[in-house]
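What follows is the residue order along each chain.
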Amino acid sequence: MEPAGADRLKDGIAGFYDESSGVWENLWGDHMHHGFYEVGSPPSVGGHRDAQIRMVEESLRFAGVSADPLKKPKRIVDVGCGIGGSSRYLAKKYGAQVNGITLSPVQAKRAQELAEAEQLSDLVSFQVADALDQPFPDGQFDLVWSMESGEHMPGKEKFVSELARVAAPGSTIIIVTWCHRDLLPSEKELKPNEINLLNKICDAYYLPNWCSAADYVHIASSLMLQDIRTADWSENVAPFWPAVIRSALTLRGFTSLLRSGWKTIRGAFAMPLMIQGYNKGLIKFVILTCRKPE
Ligand SMILES: C[S@@+](CC[C@H](N)C(=O)[O-])C[C@H]1O[C@@H](n2cnc3c(N)ncnc32)[C@H](O)[C@@H]1O
């Protein structure tokens, strides 16, 4: 992406989350990511927040992050931290120091307020910074965490290489993100109608071009990262968007949306497109974990 385009995208992302984070927190709380559900069993009433916590736990489990006092993570970076739901959860779970970065000044401020309210300011801190140019020295963190921020990154190679740069030798990197389906051996690109659907989603949620899980694996391998593993959790997240739409259609949801602004309302109109993308097998909800060599 051209530098001017990348700056426009960053401003768009910051503006989108500045405007919409309050609505999200009001309706859903401090985790701004999909929930993880048992396939085939309908979510319980009020079970969506539990499903979001389960997403964090399943991600840690998939990556094999140890809770053993001698092996548990001590320094964590939360890349694209939102209002810090994961950061505070991980800080409490492991007693770890967590640095969260986001493009949105409103999110960074709110994340810090919530940390103070939970008396966690000695463990967590938040700042406005770009994931593609992180304000940390090399090899700083023993857990590198990116929960649903990768889809916003205009250069996936640069994104993964920054995650790898700040990771300490031997540490774990977890990327949970939206991908498009893997291409078939006979395909060079997605079909025009698929590209068209993704473009509409990109416009609404300030996303650059998407990539596939296979592309991420290729990038991680080329950076010599080890133990690269992926899973497709699309079926496990299937109840999420219908639940978000239902919450937007309540009186509280509707009034919060109206008060928020155009960017948030446009995002709400795009929610059915996400469901369409999943139903067509075009959108995949992917976890990729790997380890930086010792
Ligand atoms: C869907 S929210 C996820 C928030 C959080 N990880 C969570 O699960 O609650 C996406 C986040 O990615 C952040 N983000 C997107 N592009 C970024 C970039 N280039 N640098 C830092 N943060 C970025 C946004 O500011 C936002 O906080």
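No experiment lies behind these values; they were computed from the predicted model shown.

> Honestly, the packing of helix H6 (residues 192–205) against helix H11 (residues 271–279) in this entry has me stumped. Any pointers?
To describe two helices that pack against each other, one gives the angle between their axes and the distance between the axes. Where H6 meets H11, the closest approach of the two axes is 10 Å, and the angle between their N-to-C directions is 145°. Considering only the axes of H6 and H11, their crossing is left-handed. Taking contact as the criterion, the partners of Leu-197, Lys-200 and Ile-201 in H6 are, on H11, Leu-273, Met-274, Gln-276 and Gly-277. Residues that form the contact of H6 with H11 fall into these classes: four nonpolar, two polar and one charged.

> Explain the pairing of strand S4 (residues 141–147) here, please?
Each regular strand shows side chains that alternate between the opposite faces of the sheet. Counting buried residues in S4 gives seven out of seven residues, a clear majority hidden from the surface. For strand S1 (residues 75–79) and S4, the ladder comprises three bridges, and the chain directions are parallel. Across the sheet, Asp-78 pairs through a bridge with Trp-145, a residue of S4. Read as a crossover between parallel neighbours, the route from S4 over helix H5 (residues 156–166) to strand S5 (residues 167–180) is right-handed.

> Explanation requested: the environment of Asp-138 in the structure shown.
Tracing the backbone shows Asp-138 in the loop between strand S3 (124–128) and S4. Separated by 31 residues in the primary sequence, Asp-138 and Pro-169 have C-alpha atoms spaced 9.8 Å apart. Filtering out sequence-adjacent residues up to four positions away, Asp-138 remains in contact with Arg-165 and Val-166.

> How should the environment of Leu-143 be read in this particular structure?
If you trace the backbone, Leu-143 turns up in strand S4. Owing to 24 C-beta atoms within 10 Å, Leu-143 belongs among the buried residues under this scheme. Ignoring any residue separated from it by four or fewer positions in sequence, one finds Leu-143 in contact with Val-65, Pro-73, Ile-76, Ser-171 and Thr-172.

> Any chance you could explain the site of the ligand here in plain terms?
Not every one of the 23 residues close to the ligand is listed here, only the nearest: Gly-80, Gly-82, Ala-131, Ser-149 and His-152. If you list the elements that add at least two residues to the shell around the ligand, you get helix H1 (3–28), helix H3 (85–94) and strand S2 (97–102). Of the residues assigned to the shell around the ligand, the class counts are 10 nonpolar, 11 polar and two charged.

> Quick question: what am I supposed to make of helix H7 (residues 213–222) here?
In an α-helix there are 3.6 residues to a turn, and that puts residues three or four apart on one side. All of the buried residues along H7 are Ala-213, Tyr-216, Ile-219 and Ala-220. Relative to the axis of H7, the buried residues are bounded by an arc of 120° and lie together on one face. The exposed residues of H7 that point more than 90 degrees off its buried face are Ser-221 and Ser-222. In this structure, the buried side of H7 is in contact with H5, S5, strand S6 (226–232) and strand S7 (283–291). Trailing H7 by a residue or two, Met-224 shows a phi angle of about 65°, which is positive.

How each quantity is defined
Residues numbered from 1 in each chain as written. Predicted model: local features only at pLDDT ≥ 70, side-chain atom pairs only at ≥ 80, totals over all residues. Axes fitted to C-alpha atoms, helices over the stretch in contact; angles between N-to-C directions. Helix = DSSP H or I, 4+ residues; strand = E, 2+ residues; numbered from the N terminus. Left-handed = near helix turned anticlockwise from the far one by under 90°. Contact = placed C-beta atoms within 7 Å. Nonpolar A, V, L, I, M, F, W, Y, C, P; charged D, E, K, R; others polar. Buried ≥ 20, exposed ≤ 12 C-beta atoms within 10 Å, placed from the backbone. Pairing = 2+ DSSP bridges. Right-handed = clockwise from strand over helix to strand, strands pointing away. Near = placed C-beta within 6 Å. Arc of directions from axis to C-beta.

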